[in-house]
Structures are given as structure tokens and as C-alpha cells.
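# Tertiary structure, described
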Amino acid sequence: MVAETVDTGRDEATRVGVYVVDDHALFRTGVRAELGVAEDRVRVVGEAGSVAEAVAGIAHLRPDVVLLDVHMPDGGGVEVLRRVRQQHPEVVFLALSVSDAAEDVITVIRAGARGYVTKTISGRELADAICRVAGGDAVFSPRLAGFVLDAFSEGPNSTPVGDPELDQLTRRERDVLRLLARGYSYREIGSELFISVKTVETHVSSVLRKTQLSNRYELSKWASDRRLV
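The following refers to the structure shown.

Here is what the cut-offs are and how they apply
- Throughout, residues of each chain are indexed from 1 in the direction in which the sequence is written.
- For a predicted model such as this one, the threshold for reporting local features is a pLDDT of at least 70, and the threshold for listing and counting side-chain atom pairs is 80 or more; totals across whole chains, interfaces and linings nevertheless cover every residue.
- To obtain the side-chain values, all non-hydrogen atoms of the structure were included, while hydrogens and water were left out.
- Note on definitions: salt bridges are taken to be side-chain nitrogens of Lys or Arg within 4 Å of carboxyl oxygens of Asp or Glu.
- Labels follow the DSSP assignment, with helices taken as runs of H or I lasting at least four residues and strands as runs of E lasting at least two, numbered in each case from the N terminus.
- In this scheme, a residue with accessible area under 20% of its type's maximum is buried, one over 50% is exposed, and one in between is partly exposed, where area comes from a 1.4 Å probe on protein chains only.
- Only buried residues count toward a nonpolar core. Its members are Ala, Val, Leu, Ile, Met, Phe, Trp, Tyr and Cys residues joined through side-chain atoms within 4.5 Å.
- Strand pairing is assigned whenever DSSP identifies at least 2 bridges connecting the two strands.
- Here is how to tell: hold the view so the strands point away, follow the path from the first strand over the helix to the second, and if it runs clockwise the crossover is right-handed.

## Some points on the pattern of salt bridges
One pass over the full model with this rule turns up 14 salt bridges. Arg62 is paired through a salt bridge with Glu90; the nearest N and O atoms lie 3.9 Å apart. Separated by 28 residues along the polypeptide, Arg62 in the loop between helix 2 (51-61) and strand 4 (65-68) and Glu90 in the loop between helix 3 (76-87) and strand 5 (92-97) bring together distant segments of the chain. Classification of Glu90 as partly exposed rests on a relative accessible area of 49%. Through salt bridges that share partners, Asp104, Arg171, Arg172, Asp175 and Arg178 make up one connected network.

What follows is the structure in C-alpha cells.
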């Protein structure tokens, strides 16, 4: 079922219509509330919690800007981008994610997003970013812009398009590895990713096996070398 909002406020045509895609309903509610500080500029026209729901909702409502979570269970933001842009290339996407990893930023920008901001952003700053991408600008949280410049440059620090060793890890294994390399305990990782400690241990064991590494220190260095931290 496609969730949508009927907005009867004044100057509807002059405000940027926003569609929120995130698999956490509580977060979507929070985005709506935060954007209330800029209701004269933006209006939330709908929301979705899955890839399929998002694709159907965007096609039906044709928002100006889609706020897109990068990590979702059924394919993530890149899958939404891939499916929507085939039929509706005019729709603008702004990634809104808890992740500030270079890999995630680069992947979603290559897929067609016009910007990438993290979930630490304030409501007013988010509204500004929405209006800017709707107007044709590219918008990034400050430290993320460098990732994009590196990725599309040809200098010695450019980010490789593909990494066979990294590609063998699942999305969830990368999430666990990223947090592990940042110094999180297994319990903290489980809390952050909404999974059990046992599941965290399983993912870590799988990463160790696939990378042929033997301990947490080696994993942290491996992740750092690939700019996952």
C-alpha cells in the first residue's frame, strides 16, 4: 500500500514536493516533523518503507525530490534509483543516511542521486538541501564532498571503481565491518544495526573468512585502507 499525504495548504505549487523513503517508520515521522520548520518551502507528499512501495509511490505521486535511505533490507536506495530513473528520469534524489562511508556515498551518486547528507542534519539544513537539489545543485554534507571528488578524479588518490575483495562482502557484512573498525563493541554494533550480538559475531566470522584475516586489528586496517571508516 502506498502511503501518501493530501496537502491542502496555500502555495502548494511553489513548494518542493518531497517523498520520504526509509524502512524505519519512526524516522519517517521524525523527518516530517523536522521539515515542519520549512513548511513554506517544502511539503511531504508521501512516504514508503520498502523498495517496491517506494517505486510505486514515486511513480504515482511524481514528487520533486525523493529523500532516500541508502540501506534497506530489500535492495536499498540504489535499487530504488535504478528502477525509478528508468521510467521517470526527471525525479531528483537526495540520499539521507546514517552512513558517512565513502563507498556508500560513491555508490549512490554513481547511481544518479544529486546529493548525500547524513542523518545528523537539522530540519532547516535538510530543507535547504532539498530546495537546492530541486533547483539543480549538488549537495553534500561537508566531509562527504571530498569522497565524490576523489571518485571522479584520475589522480593517485582516486577511489577504485571496483574492489574484488570488497565486492565479496554482503551489504550487512560491510556495515558490521565499518562499525567494528570504528571501535564499536559487538553489543554496540548490534544495537546500531538492530541485530543480535550472535548475528554480529556470525558476520564478523564471515568477514574474517572471506578476507583471510585473523583478528580485529587486521580487519580495522583492511577497512581503513578501503576508506570504509
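## Focus on the nonpolar core
Ranked by internal contacts, the top residues of the largest apolar core, which has 23 residues, are Ile58, Val66, Val80 and Phe93. Counting only elements with at least two residues in this core, the list comes to strand 2 (16-21), helix 2, strand 4, helix 3, strand 5 and helix 4 (102-111). Broken down by element, the residue count for this core peaks at 4 residues, all from helix 2.

## Remarks on the pairing of strand 4
Of the two faces of strand 4, both are covered, the one formed by Val65 and Leu67 as well as the one formed by Val66 and Leu68. Note: strand 2 against strand 4, 4 bridges, orientation parallel. By the bridge assignment for strand 4, Val21 is matched with Leu68. Note that strand 4 and strand 5 share 4 bridges and pair parallel. If you follow Leu67 over to strand 5, its bridge partner there is Leu94. The β-α-β motif built from strand 4, the intervening helix 3 and the parallel element strand 5 has right-handed crossover chirality.

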